[in-house]
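Okay, here's what each chain looks like letter by letter:
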Amino acid sequence: MNKKERVKITVNGSTFESLVSRRKSLVDFLREDLYLTGTKKGCGTGDCGSCVVLVNGEARTSCNLPAYRANGTEIVTIEGIATGRRLSPLQEAFVESGAIQCGFCTPGMVMEATAFLKQNPSPSENEIREAISGHICRCTGYVKIVEAIFMASQNITTDD
Ligand code: FES
Ligand code: FES
């Protein structure tokens, strides 16, 4: 039986109430029910990092989190970190560093790094590499991604 649960989830500042199948993952809920397709689904098993979003401020894979378990949480997706048309400092750094090729891994990387830089605003290169170690990028070789996160750490002020 496909049991459904009523959920109330805040995504990028807007609250949604919905009836969701217990089998539906948070990434599928975001993409299919809310049409927030910025969050990418790669492996679907928690191994590639492409689906990372912020759940109550923590970076978390959303493919292995059932949507009903996110009931009552605050989610931030890649669509929620720009301010109007102004990209976040991390997004800008990814663009400026050329850290994006196909772009499939980028939303997950940016969300991971967003949470990481809040906890560690002045990281070393090794700390950055460790922070993104759960993310697979098939294109860039990671060097420019590490550079972008480092560049953002230099540019982000406490007001950002
Ligand atoms: S799609 Fe979630 S970790 Fe790969
Ligand atoms: S830019 Fe293509 S997978 Fe990372």
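Report follows, based on the coordinates. (Residues numbered from 1 in each chain as written. Chains lettered and ligands numbered in written order. Predicted model: local features only at pLDDT ≥ 70, side-chain atom pairs only at ≥ 80, totals over all residues. Heavy atoms only, no water.)

## Structural notes on the side chain of Glu112
Test applied: Strands here are runs of E lasting at least two residues and helices are runs of H or I lasting at least four, both read from the DSSP assignment and numbered beginning at the N terminus. The buried label goes to any residue with under 20% of its type's maximum accessible area, the exposed label to any with over 50%, and the partly exposed label to all in between, with areas taken from a 1.4 Å probe on protein chains only. We score Asp and Glu as negative and Lys and Arg as positive, and we do not count His or the chain ends. Whenever Lys or Arg places a side-chain nitrogen within 4 Å of a carboxyl oxygen from Asp or Glu, that contact is recorded as a salt bridge. Should any heavy atoms of two residues lie within 4.5 Å, those residues are counted as being in contact.
Examined against the element boundaries, Glu112 turns out to sit in helix H3 (residues 106–119). Among buried charged residues, Glu112 stands out as having no salt bridge; its nearest opposite-charge side chain is Arg60, 10 Å away. The contact partners of Glu112, leaving out residues within four places of it in the chain, are Val52, Ala59, Ala131 and His135.

## Observations concerning the pairing of strand S3 (residues 52–55)
Cut-off, in case you're wondering: Any two strands with at least two DSSP-identified bridges between them are counted as paired.
A two-sided burial pattern is seen for S3, the buried positions comprising Val52 and Leu54 on one face and Val53 and Val55 on the other. Pairing analysis gives 4 bridges linking S3 to strand S4 (residues 58–61), with the strands arranged antiparallel. Looking across to S4, one finds that Val53 is bridged to Arg60. The hairpin turn running from S3 into S4, its antiparallel successor, is 2 residues long, and Asn56 in that turn takes a positive phi close to 50°. Bridge count between S3 and strand S5 (residues 74–76): 2 bridges; the pairing is antiparallel.

## What about the sheet that holds S5?
Our working definition: Every angle, taken between N-to-C directions, lies between 0 and 180 degrees, and every axis is a line fitted to C-alpha atoms, over only the stretch in contact when it is a helix.
Reading across the sheet, the 5 strands line up as S2-S1-S5-S3-S4 and stay open at both edges, with mixed pairing between neighbours. Bordering the open sheet on either side are strand S2 (14–21) and S4, each of which pairs with just one other strand. Each adjacent strand pair in this sheet contributes to an overall mean axis angle of 40°, direction not counted. Sheet strands touched by helix H1 (residues 26–33): strand S1 (4–11), S2, S3 and S5. Its angle to S2, the strand with the most contacts, is close to 110°. Together, S3, S4 and S5 form the strand contacts of H3, whose direction differs from that of S3 by roughly 35°.

## A few points about the environment of Glu32
Note the following rule: Between N or O atoms, a polar contact is any pair within 3.5 Å; within protein, one atom must be a potential hydrogen donor and the other a potential acceptor, and residues adjacent in sequence are included only when both atoms are from side chains.
Assignment of secondary structure puts Glu32 in helix H1. Overall, Glu32 belongs to the partly exposed group, its relative accessible area being 44%. Only 3.1 Å separates the side chain of Glu32 from the side chain of Lys24, close enough to count as a polar contact.

By themselves, these are just geometric observations and shouldn't be taken as functional.
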